Amino acid sequence: MTAPAVESILHSLSELCVSGDNFAWENPRRFSAYANRLQLDLNQFLRSSSPEALSTSIQTALRGLSGDLSKAVEVVSVYRNRSKIFVLINCQSLCASLQKHTVAIGGWLALLESAMPEGSDSRKKVANLSQDMKQAEFRVSENEERVHCTLQKEGQGRQSSKAVQSAIVMDLARALGIEADNHVKLLEQVKLLKTDLTSSNSLVERRVLMSLERIMDSWTVHPVTSEWNFDFDFEEDAQMSPFRNFLCPLTKEVMKDPVVLESSQNYERTAIEYWFRRCIEDGRDPTCPVTGQVLNSTETKPNIGLAGAIEEWVNRSIEIQLKSAVQCLAENQPPVDSVERVLDIIYKISEEHPSSRYRVRNSGVVLLIIKVLRHCAKSIGTHLRGKALMTLLSLAKDEESKNMMLEEGISRLAIHSLIGSSEKEKEYAVKLLLLFSRDEAYCTKIASEKGALVLLSSMAGNLEHPGLSNLAEEVLKQMERVEDNVHHLAEAGRFEPLLSRLCEGTDDVKKEMAHLVGRMTLTNSSKEQIARKCAKTLIQLLSKPEGRAPSLQALNNLSVLEDNATILVDSAVVPALTNILFENQDDSELKELAAATIANIVQHPGRWELASIDKKGYLMQSETTVFRLLGLLVHVSPQCQVSILRILYGIASSPQASESVVTHIKSGDGIGSIMPFLEHPEVEHRIYAFRLTRILSATFGEDLANELNLADKLPLFKDKLLDNQSTDGERSDAACILANLPLSEDDVKSVLGSSFVRWTVVTLKDRLRGSANWRTSRSSSFLEEGLLGLLLHFTQNPDPQTVSIVKEHSLMNIFCELLNFHMKPRVKQLAALGLKNLSDSRKTIISSGDLEVQLPRGLCSSFVFNCWNRPPELLVCAIHNVSCEEDIQFCLLRSNCIKPLVDLLTDEDTNVQIAAVEALSTLIIDSSNNNFKKSVDELEHQGVVEAAITLFTEVRPGFLQERLLWMIERILRVDSNVKHSLNQSLVRALVEAFRHGNANAKRHAQDALTNLKQLSGASGKNSSQSRPRR
């Protein structure tokens, strides 16, 4: 039973009993010493005892020794085989484990000693060893404890400064027994730790490894002085390196504020203070990083002598570097890499030695950097431009350097960099402008630079780069403080300063801001923004005599935007403006502005129709207002006359106000007042006079024609239409006016004449060929409407001369082609009416001539139909029952115009539908004619009947319904239309028309229902006769 235990004990002791020099750590070395003593004592005991004679107590003690020694071997193997850093990470647990096993072994030895013979030498040795092992205390050294604590904290993933990292490396090197500047061996230990942790699952251990790798990557044992070197040759001592004691052991940089500790070591004040704070955070005593000495006090004393020596060396080095920098930058095309090193060093000098900025300025480096930016901007690239701006930003903290930069135009260069390709270049450009903008004088200068505010505003609104956006916003806010910048900011689209001053400033400030708004060129969105926020303020300014002019200018500028009409009307601008227009008798400029603003507002139908213009409640379209406007036309300035004509045209164009306004103009002798402006020398006067006359001609054409005849002005419109020097608007309006006037047959011949007809046709054909271009032009649209209207005058009187013109120019084809212009209902309506007139004229032509087809008579007459393959009726028009070959331009069927007219029955515009029905109605000849059934059959074939009935079942009572009833009633007179008697939708529609229509509609509906009943009866009769008798 005891043999395996004894064998295990001997094996464990053979591994533990090695020379103490093989252990780098004190704790395993001490445990090895205990193992050596145990090995000697056990060997002596086992030689003097027989294994079979061992008591139970001894056997138990041996088994206990076997187990604890095996576990101790595992712990000691960690000390022996794992990396030293791994041991430091786990030193506390390893020490505790050795302590536990040592005490346990001492206990087993006490049990063994109690079972041994009294007074034996072996018993005495075992008792002494047992006592020593039970009283043994294993400890971690202070240095190991500090490093262990530090590594555990690093395992938490916190960030460390460069100084703290250096102190950690020094502590670690000391614990590992390596020189702190032996970077290679330290790195080897880190690599060994990485190997140890290959299969480790400990998160803390892996974080410690990552932290140490990061520290070793960034840590250096060499002083940071290489970046102070150039490739230029100076005197031998020019490139002198700093003395070793000038360098902080933690930062490896030349100290700026050297302090000495009680350990007599010198450090940079900020670096050693970082380390002290880390020690306190870790709950450990502060130490000197170099010596590892625990400090009784963290007091630091400035080393004045060392600081003086360092300052002297720094000043000498700065002089050398500035001389090198000047030599580099003074070249016409300095090498890019040299420029970058210069900028890095100058920036370092400025940031680390602010008191030396004046030396940089005096050396001329500031001007040279600006020169490089100005002349070599493209060659050095955006990266170096950013560095140059960063360096200038640092140097600009010196007031004189800043003044020098501004005098050399650095603000313009910075603004140019706002469009740079790198974010860094833009960032430092904005930061430079922000620094300059803190001074009001410089702020104004920046704002006056071309494009500066536009670029800054664009950058401030770019949320993709919030950092740049915030910086640009700060610059703009600095500029907003300066009164002189308000105009520039507004021009760049930043209206907040202007709007706040306009709404909240003193009266003088409000006037000044209103004046700015009045003379600025604004975008539509800007106009709307200002109108929404400041309309009421501007209207309030109108009540103050000194504020009227700037306020009117601003309101006039804002009123150009269509969307602002409603805003201004809701702000009660109309009463204020009409008061100035009608009541102010002195200032013509104010009247002009008020009239122009009102004209802008009324150009857009909407809210103004319901807005009162005074306390009596008059509206813009009321009779009093129209009369007053007409009365002003004679007494105001020419510019104001234009605006009043625009006002009259605007209110007459409104769908809500047009009827009443046109009536008031007529009753107020407005036609006579407007007529002189038709021949005014100024274009604008003529344009709006023609527009007004066009609107009047649509309602009071006869009265207008009488006035024009009395004044002999009818030829004026023809001349204007033929005058290619006139504006498109004037020509279009002239055509529409002539088209709207109810001209007599004599007027048509005398004023227009046949040559004018030819010109109209040719012009209209040219317009048709270029239809793709004139569809979008409003004035061209009116011109086409007017030309069509003129042709309608000629189609109404089919004398031989007119018939000849219609045939020559194929007018019916022109009208038919115009039916396809879907975007212009008025054009389609007029074209349909033209077809109606021509189709109506066909009846007149037939009645005036002997055009009937003479069939063959005599003996051979009975053989004609047998010889011909096709009957002669095919030469006869199915509608007119005569040949239409010679008069095809008057026949809808032969000109293929029926299908386009049928398509118009589904048009969305009711007027177009009515015109199409009127044209199709001309195809329904008198039902007493023998050819009537044949005509209806042809209309059925062309789809006219079905389309007319479908439309009739859908329309409401009115003129369109009445015209459709007239057609349907006549169509139903034909016996062959029995199928319509079964159309329940048609029957219901006829019943509704009979109940709710006017007298004509009722009469037509009653006749149609009667026809349906007769058709139904005839159908029933025929059906009954066809049944077989039972």
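J.: Hey, could you run me through the overall build of the protein chain in this one?
T.: Within the protein chain, the regular secondary structure consists of 52 helices and three strands. Per-residue burial for the protein chain yields a buried fraction of 52% across its 1030 residues. Long-range contacts, defined here as pairs at least 24 residues apart, represent 70% of the contacts in the protein chain between residues at least 6 apart. Of the roughly 49,100 Å² of accessible surface on the protein chain, a fraction of 49% belongs to carbon and sulfur atoms.

J.: Where do I start with the sheet that holds strand S3 (residues 301-302) in this structure?
T.: Each strand in a sheet pairs with its neighbour through backbone hydrogen bonds, running either in the same direction (parallel) or in the opposite one (antiparallel). Sheet architecture is open: three strands sit in the order S2-S1-S3, paired in antiparallel fashion. The open sheet is flanked by strand S2 (266-268) and S3, the only strands paired with a single partner. Sheet topology places strand S1 (residues 258-260) next to S2; three bridges connect them, and they run antiparallel. Among the inter-strand pairings, Val260 is bridged to a residue of S2, identified as Asn266. Its contacts with the sheet place helix H11 (residues 269-281) against S1, S2 and S3, and it is angled at close to 90° to S2.

J.: What is the right way to look at a negative patch on the surface in this model?
T.: Where like charges cluster on the molecular surface, the negative patch consists of Asp669, Glu702, Asp703 and Glu707. Its relative accessible area of 47% is what places Asp669 among the partly exposed residues.

J.: What's the story with the packing of helix H32 (residues 638-653) against helix H35 (residues 683-699) in this structure? I'm lost.
T.: What describes two packed helices is the angle between their axes and the distance between those same axes. Two numbers describe how H32 lies on H35: the axes approach to 9 Å, and their chain directions differ by 25°. Considered as vectors, H32 and H35 are oriented roughly parallel to each other. Note that H32 runs across H35; the crossing there is left-handed. For the pair H32 and H35, the contacting residues are Pro638, Gln641, Val642, Leu645, Arg646, Leu648, Tyr649, Ala652 and Ser653 in the first and Glu684, His685, Tyr688, Arg691, Leu692, Arg694 and Ile695 in the second.

J.: Help me understand the nonpolar core, please; the structure alone is not making it clear to me.
T.: A general feature of soluble globular proteins is that nonpolar side chains tend to end up buried together. Ranked by size, the top nonpolar core spans 172 residues in total, and within it Leu498 and Leu901 carry the most contacts. Contact partners of Leu901, with chain neighbours within four places excluded, come to Leu819, Ala832, Leu835, Leu892, Ala916, Ala919 and Leu920. Phe45, Leu413, Leu433 and Val482 belong to the second largest nonpolar core, which has 148 residues in total.

J.: What's the story with the pattern of salt bridges in this structure? I'm lost.
T.: Opposite charge on two side chains lets them pair, provided their charged atoms get close. Evaluated as defined, the whole model comprises 46 salt bridges. Between Glu137 and Arg139 there is a salt bridge whose closest N-O contact spans 2.3 Å. What makes Glu137 partly exposed here is its relative accessible area of 43%. Note that Glu351 and Lys397 form a salt bridge whose closest N and O atoms lie 3.4 Å from each other. A residue pair is termed long-range when its members are at least 10 positions apart, and Glu351 in helix H13 (residues 336-352) and Lys397 in the loop between helix H16 (377-395) and helix H17 (399-407) qualify at 46 residues. Residues participating in the shared-partner salt-bridge network are Glu113, Glu118 and Arg123.

J.: Teacher, can you tell me more about the environment of Trp313 here?
T.: Position of Trp313 relative to the elements: it lies in helix H12 (residues 304-329). Placed 59 residues apart in sequence, Trp313 and Val254 show a C-alpha to C-alpha distance of 9.8 Å.

J.: Looking at this structure, how should I read the layout of surface pockets?
T.: Empty space among the atoms can be located by rolling a probe the size of a water molecule over them. Approximately 430 Å³ is the volume attributed to the second largest pocket. Ala698, Cys736, Asn740, Glu785 and Arg826 are the residues nearest the centre of the second largest pocket, which is lined by 20 residues in total. Secondary-structure elements contributing two or more residues to the lining of the second largest pocket are H35, helix H38 (728-740), helix H41 (778-795) and helix H44 (825-848). In terms of residue count, the dominant contributor to the lining of the second largest pocket is H41 (six residues). Residue classes in the lining of the second largest pocket are distributed as ten nonpolar, seven polar and three charged.

J.: What is the right way to read the packing of helix H49 (residues 944-954) against helix H50 (residues 959-971) from this model?
T.: As a packed pair, H49 and H50 sit with axes 10 Å apart at the nearest point and diverge in direction by 135°. When the interaxial angle is binned, H49 and H50 end up oblique. The way H49 lies across H50 gives a crossing that is left-handed. Touching Val944, Val945, Ala948, Ile949, Leu951 and Phe952 of H49 are Leu960, Gln961, Leu964, Leu965, Met967, Ile968 and Ile971, all from H50. Class assignment for the residues of the contact of H49 with H50 results in twelve nonpolar, one polar and no charged.

J.: I keep staring at H17 and nothing clicks. Help me out?
T.: Quick reminder: α-helices carry 3.6 residues per turn. Residues three or four places apart thus point the same way. Buried within H17 are the following residues: Ser401, Lys402, Met405 and Leu406. Along the axis of H17, the buried residues cluster in a sector spanning 135°; they form a single face. Where the residues of H17 are buried, they touch helix H14 (357-363), helix H15 (365-375), H16, helix H18 (410-417), helix H19 (423-437) and helix H20 (440-448). Backbone geometry just after H17 places Gly409 at a positive phi near 80°.

J.: Sorry if this is basic, but what is going on with the packing of aromatic side chains here?
T.: To describe a pair of aromatic rings, you give the distance between the ring centres and the angle between the ring planes. If you walk through the whole model with that rule in mind, you get five aromatic pairs. Pairing Phe243 with Phe246 gives two aromatic rings, centres 5.1 Å apart and planes at 85°, and the pair type is edge-to-face. For Phe243, a relative accessible area of 56% corresponds to the exposed category. Both rings, one in Phe756 and one in Trp759, keep their centres 5.6 Å apart while their planes meet at 15°; by these two values the pair is stacked. On the criterion of helical spacing, the pair formed by Phe756 and Trp759 is a turn pair, its members being three residues apart in helix H39 (residues 745-769). Given a relative accessible area of 2%, Phe756 falls into the buried group.

J.: What is the right way to look at helix H33 (residues 658-667) in this model?
T.: Buried within H33 are the following residues: Val661, Val662, His664 and Ile665. An end-on view of H33 places all buried positions within 160° of arc, on one side of the element. Those residues of H33 that are buried are in contact with helix H31 (623-632), H32, helix H34 (670-674) and H35. Positive phi shows up at Asp669, right after H33, with a value of about 55°.

J.: I'm lost on unusual backbone geometry in this one. Help?
T.: Trans peptide bonds make up most of the peptide bonds, and negative phi angles are found at most residues other than glycine. Even without glycine at this site, Ser264 takes up a positive phi of about 70°. Here Ser264 is to be found in the loop between S1 and S2. The class of Ser264 is exposed, set by a relative accessible area of 55%. In this structure, Asn896 is a non-glycine residue whose phi angle is positive, near 55°.

J.: Which parts of the structure should I look at to understand the side chain of Asn557?
T.: Structurally, Asn557 can be placed in helix H27 (residues 545-558). Contact partners of Asn557, with chain neighbours within four places excluded, come to Val517, Gly518, Met520, Leu522 and Lys527.

J.: What am I meant to see in the state of the cysteines here?
T.: Simply put, the disulfide is a covalent bond whose two ends are the sulfur atoms of two cysteines. Using the criterion set out here, one finds zero disulfides in the structure. We note that Cys95 lacks a disulfide partner, and the nearest cysteine sulfur, in Cys91, lies 7.9 Å from it. Using a relative accessible area of 6% as the deciding quantity, one classes Cys95 as buried. Cys816 takes part in no disulfide bond, and the closest cysteine sulfur, belonging to Cys897, lies 3.6 Å away.

J.: Help me out: how do you make sense of the side chain of His148 in this one?
T.: Mapped onto the secondary structure, His148 falls in helix H7 (residues 142-154). His148 gets classed as buried once you look at its relative accessible area, which sits at 12%. Beyond its immediate chain neighbours, meaning those up to four positions away, His148 contacts Leu88, Ile89, Asn90, Cys91 and Gln92.

Reading the values: the criteria
- Residues numbered from 1 in each chain as written.
- Predicted model: local features only at pLDDT ≥ 70, side-chain atom pairs only at ≥ 80, totals over all residues.
- Heavy atoms only, no water.
- Helix = DSSP H or I, 4+ residues; strand = E, 2+ residues; numbered from the N terminus.
- Buried < 20%, exposed > 50% of the residue type's maximum accessible area, 1.4 Å probe, protein only.
- Contact = heavy atoms within 4.5 Å.
- Areas by Shrake-Rupley, 256 points an atom, 1.4 Å probe, with all protein chains shown as cover.
- Pairing = 2+ DSSP bridges.
- Axes fitted to C-alpha atoms, helices over the stretch in contact; angles between N-to-C directions.
- Patch = residues over 30% accessible without salt bridge, like charges linked within 9 Å, V, L, I, M, F, W, Y side chains within 5 Å.
- Salt bridge = Lys/Arg side-chain N within 4 Å of Asp/Glu carboxyl O.
- Lys, Arg positive; Asp, Glu negative; His and termini not counted.
- Charge placed at Lys NZ, Arg CZ, Asp CG, Glu CD.
- Parallel < 35°, antiparallel > 145°, perpendicular 65-115°, else oblique.
- Left-handed = near helix turned anticlockwise from the far one by under 90°.
- Core = buried A, V, L, I, M, F, W, Y, C linked by side-chain atoms within 4.5 Å.
- 1 Å grid on protein atoms, 1.4 Å probe; cavity = no way out; pocket = protein on both sides within 12 Å on 5 of 7 lines; lining within 4 Å.
- Points joined across faces, edges and corners; volume = space filled by probe spheres on them.
- Nonpolar A, V, L, I, M, F, W, Y, C, P; charged D, E, K, R; others polar.
- Arc of directions from axis to C-beta.
- Phe/Tyr/Trp six-rings, centres within 6.5 Å; stacked < 30°, edge-to-face > 60°.
- Disulfide = S-S within 2.5 Å.

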